[in-house]
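# A structural walkthrough
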Amino acid sequence: MRRRPRLTRWLAWGLLGLILGATRGLPAEDESLGGKIKKIFSTPTPTPSHHHHKSKKSSTPTPSPSPSPKAKKKHKSSPSPTPTPEEEETPHQKRKKKSSPSPSPSPRETPSPSPQESASPSPSATPESKVATVDAGEIKDSEKNPEPVRKLLDDSLALTKHHLGYTYGSADPENGGMDCSGFIYYVLRKNGVKDAPRSASEQYVWVRKAGTFRSVLSRDLHSFELDELRPGDLLFWTGTYDVERDPPVTHTMIYLGKEKKSGKPIMVGSSDGRTYEGEKKFGVSVFDFKTAPAKNGDDSERRPHFVGYAKIPGLGE
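Residues numbered from 1 in each chain as written. Predicted model: local features only at pLDDT ≥ 70, side-chain atom pairs only at ≥ 80, totals over all residues. Heavy atoms only, no water.

### Observations regarding the nonpolar core
Note the following rule: Only buried residues count toward a nonpolar core, which is a set of Ala, Val, Leu, Ile, Met, Phe, Trp, Tyr and Cys residues joined through side-chain atoms within 4.5 Å. Burial classes follow relative accessibility: with a 1.4 Å probe on protein chains only, a residue under 20% of its type's maximum area counts as buried, one over 50% as exposed, and anything between as partly exposed. A run of DSSP states H or I qualifies as a helix once it reaches four residues; a run of E qualifies as a strand once it reaches two. Both are numbered from the N-terminal end.
With 35 residues, the main nonpolar core has F183 and F236 as its most contacted residues. Secondary-structure elements contributing two or more residues to this core are helix 7 (147-159), helix 8 (180-190), helix 9 (200-210), strand 4 (234-238), strand 5 (249-258), strand 6 (265-271), strand 9 (283-288) and strand 10 (305-310). The leading source of residues in this core is helix 7, at five residues. Of all hydrophobic cores here, the second largest spans 12 residues; its members include L226, L235, M267 and Y309.

Shown next as structure tokens:
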């Protein structure tokens with residue numbers, strides 16, 4: 001029984017001798033004796049490089065030798081908050097941008113009044129219900145008017161049958177409408193008055209210089225100041241809008257005479273809100289002639305002021 005431990009020790013020393021003999025040719029500085037014994041008796045494990053190689057081979061596919069241009073571009077470009085052109089705008093978005101219409105101006109979006117205008121413009125397209133018209137035979141004693149005046153009034157009334165709107169800055173019915181002074185300018189030139197000015201203020205100065213203007217201070221339609229008023233005369237107002245010019249005349253129309261059926265004085269021209277038979281009309285139309293607007297209880301509101309009338313210089317000459 002005592003010989004077995006001694007035999008075991010001899011076997012261990014023999015095994016150690018064999019190990020030392022196998023490693024006798026190696027340099028002494030490479031490894032210590034304890035390190036050699038630890039290597040022999042420890043459990044072998046894969047080296048880190050061997051483990052990394054296996055993991056990469058099993059999980060990551062082999063990259064293609066020639067990557068596509070798109071992949072190459074993405075690999076080279078550094079991440080940035082600014083999107084690429086493809087991300088900013090696709091062809092579909094571009095088509096959408098090209099086809100989207102630019103906002104058109106609203107009919108009520110108008111520039112500031114010029115010396116040629118009487119108020120802000122209304123749409124050029126005017127429904128039949130927004131304009132009024134009469135025939136020359138509906139006006140009292142129209143047949144007694146001089147021939148040049150009859151022709152002037154016939155041409156003026158003919159324009160009221162085309163449903164023309166109040167068009168800012170226009171003196172041509174081909175534009176779909178005219179402003180107040182543009183209407184006067186058009187019909188006067190059509191009737192041979194070639195020196196007629198374009199704006200209401202200039203037309204007022206024109207008749208003043210010709211000596212045909214009659215001033216009216218009264219607000220009564222039966223005033224003696226209106227005794228000389230005749231069909232075909234020009235009518236003038238101030239105060240339809242604010243102006244910084246002298247004289248501040250801003251609106252003009254043509255007097256037609258009195259209606260047979262009602263006896264009311266009427267006029268013709270272009271406006272964006274005067275009335276006929278109590279209803280507002282817009283555009284080239286027949287209107288009631290009034291020297292003063294109806295009061296609405298608001299004294300602070302701007303109110304047009306009738307200043308007078310004049311015979312048309314050179315009509316029929």
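### Thoughts on the packing of aromatic side chains
Which entries qualify depends on this criterion: Two aromatic rings from Phe, Tyr or Trp, using only the six-membered ring of Trp, form a pair when their centres are within 6.5 Å; if the ring planes differ by under 30 degrees the pair is stacked, by over 60 it is edge-to-face, and anything between is tilted.
Scanning all chains against the criterion turns up seven aromatic pairs. Arranged with centres 6.4 Å apart and planes meeting at 75 degrees, the rings of W237 and F289 form a pair that is edge-to-face. With a gap of 52 residues between them, W237 in strand 4 and F289 in the loop between strand 9 and strand 10 connect regions that are remote in the sequence. We note that W237, like F289, is buried.

### Some details on the confidence of the model for the protein
Where we set the bar: The quantity known as pLDDT measures the predictor's confidence residue by residue, on a range of 0 to 100. Contact criterion: two residues are considered in contact whenever any of their non-hydrogen atoms come within 4.5 Å of each other.
In this model, the protein carries an average pLDDT of 74, and 59% of its residues clear a pLDDT of 70 or more. Within the protein, the element-level pLDDT minimum falls on helix 5 (residues 85-88), averaging 32, and the maximum on helix 7, averaging 98. In this model, residues 25-31 is a region of pLDDT below 50 whose contacts with residues beyond four sequence positions or in other chains number two contacts. For residues 45-124, every residue scores under 50 in pLDDT, and the model assigns this stretch 63 contacts once sequence neighbours within four places are set aside.

### Considerations on the sheet that holds strand 10
Either a parallel or an antiparallel arrangement is found when strands of a sheet pair, and the pairing is made through backbone hydrogen bonds. In plain terms, the rule: Paired strands, in this sense, are two strands between which DSSP finds at least two bridges. Here an angle of 0 to 180 degrees is reported between the N-to-C directions of two axes, which are lines fitted to C-alpha atoms, with helices fitted over the stretch in contact.
The strand order across the open sheet built from six strands is 3-10-4-5-6-9, with neighbouring strands paired in antiparallel fashion. Edge strands, defined here as strands with exactly one partner in the open sheet, are strand 3 (213-215) and strand 9. Recorded for the sheet is a direction-independent mean angle of 30 degrees between the axes of neighbouring strands. The pairing of strand 4 with strand 5 spans five bridges and is antiparallel. Looking across to strand 5, one finds that L235 is bridged to M253.

### Some points on the pattern of salt bridges
For clarity, the cut-off: Here, a salt bridge means any Lys or Arg side-chain nitrogen found within 4 Å of an Asp or Glu carboxyl oxygen.
Per the stated rule, a full pass over the model turns up 10 salt bridges. One salt bridge in this structure joins D135 and K161, with 3.0 Å as the shortest N-O distance. Here D135 is found in the loop between helix 6 (91-99) and helix 7, whereas its partner K161 is found in the loop between helix 7 and strand 1 (165-166), with 26 residues between them in sequence. The class of D135 is partly exposed, set by a relative accessible area of 41%. Of the residues examined, K161 reaches a relative accessible area of 41% and is grouped as partly exposed. Between R214 and E228 there is a salt bridge, and its shortest N-O distance comes to 3.3 Å. Of the two residues, R214 is situated in strand 3 and E228 in the loop between strand 3 and strand 4; the sequence distance between them amounts to 14 residues.

### Topic: unusual backbone geometry
Of note in the backbone geometry, D141 takes a positive phi value of approximately 60 degrees without being a glycine. Structurally, D141 is set in the loop between helix 6 and helix 7. With a phi close to 55 degrees, H163 is a non-glycine residue in the positive phi region. What makes H163 partly exposed here is its relative accessible area of 32%.

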